[in-house]
Amino acid sequence: MSHNHPEITKVTEITPDHVQGWIDDRSEHWTKATLENHITRIKYLEQQAQKAFGKDKVYFYDKEIKRPETKEAARDKAMSHEDFLKLRERMENSRSFAKDALEIAYRAGLRIDEIAHLRREDIDLEKKTIFVSSEGAKNGKERSVPIRDKDLEYFKELLERHPQEGYLTTIQAKSIDRAIRRYMDDTRDDKGQLLSEKYPKETAHAIRKLYATERMQEQRGLEPLPDKKEEMKCWDRVSHELGHGDGREALYKIYCKG
């Protein structure tokens, strides 16, 4: 608003037309899920502003807001557990750090960039946490990710192989991603389809979705809870582990299909 409408100095001066203009200007770079998430947040912002200034003074969210065309989501498929096991088996004899990157993505839900910037001192076996620094995190948001008891032995062995303080690898994120995809080019699912064709635009992101699915099942069982509020409380906890915020139902629908 400050860039396109410098004449506006108060939230009470924002109108639905201003919001619609912002959405129309930005939406070509968004997926449908991102668009819906922004609209939800705009509604929330209006509610908070109304609490501060009064409902009669604030009105910029229109429930009839027009939804322009958006780009198709390129990453909307979670890797199945069976496919992950086949990929892990294919990479068993690899000496590349990509083999560890695959495991870290599966066990902690980290992005490739976050894995590439992971330091030995970020992994705390005593506290059972992994610290994700702003250096590799998306939007520079730091966070801590829990290490599950079943994964402690793996991370202990990982640290034993990297006794020196500092980065676990000097390999760039793009190179790690390409290395994993080379193995996906040579790995087929139970029906004979190559994983690189089954997940054409996804590598670790598909594994992050698998992590999210398994973390949700660990917290509330195999099936979604009948109480939506309780289901979303579980999702908020997993969402934080993934590096997202609270209340992002649009992401829940992407990460937790079925």
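## Description of the overall build of the chain
Counting its secondary structure elements, the chain contains eleven helices and three strands. Order of helices (α) and strands (β) in the chain, N terminus to C terminus: α-α-α-α-α-β-β-β-α-α-α-α-α-α. For the chain, the spread of C-alpha atoms along the three principal axes comes to 65 × 40 × 40 Å. Buried positions account for 44% of the 258 residues belonging to the chain. When contacts within the chain are restricted to residue pairs at least 6 apart in sequence, those whose partners lie at least 24 apart make up 60%. Here the chain has roughly 15200 Å² of accessible surface; of this, 47% comes from carbon and sulfur atoms.

## Side note on the sheet that holds strand β2 (residues 129-132)
Overall, antiparallel pairing links the three strands, which are arranged β1-β2-β3 in an open sheet. Of all the strands in the sheet, the pair left with one neighbour each is β1 (123-124) and β3 (143-146). With two bridges connecting them, β1 and β2 associate as antiparallel partners. Pairing of D124 across the sheet is with T129, part of β2.

## A closer look at helix α10 (residues 228-242)
In this model α10 runs 20 Å from its N-terminal to its C-terminal C-alpha over 15 residues, within 8% of the 21 Å that 1.5 Å per residue would give. Among the residues of α10, those classed as buried are E231, M232, C234, W235, D236, V238, S239, E241 and L242. Just downstream of α10 lies G243, where phi reads positive at about 95°.

## Brief notes about the confidence of the model for the chain
Overall, the predicted model of the chain reaches an average pLDDT of 90, with 97% of residues at or above 70. By mean pLDDT, helix α11 (residues 249-255) is the weakest element of the chain at 79, and β1 is the strongest at 98.

## Focus: the pairing of β3
Burial of the side chains of β3 is restricted to one face: R143 and V145 are buried, whereas none of S144 and P146 on the reverse face is. Here four bridges tie β2 to β3, and the two strands are oriented antiparallel to one another. The residue of β3 that forms the bridge with T129 is P146.

Here is what the cut-offs are and how they apply
- Residues numbered from 1 in each chain as written.
- Predicted model: local features only at pLDDT ≥ 70, side-chain atom pairs only at ≥ 80, totals over all residues.
- Heavy atoms only, no water.
- Helix = DSSP H or I, 4+ residues; strand = E, 2+ residues; numbered from the N terminus.
- Buried < 20%, exposed > 50% of the residue type's maximum accessible area, 1.4 Å probe, protein only.
- Contact = heavy atoms within 4.5 Å.
- Areas by Shrake-Rupley, 256 points an atom, 1.4 Å probe, with all protein chains shown as cover.
- Pairing = 2+ DSSP bridges.
- Expected span 1.5 Å × (residues − 1).
- pLDDT = per-residue confidence, 0-100.

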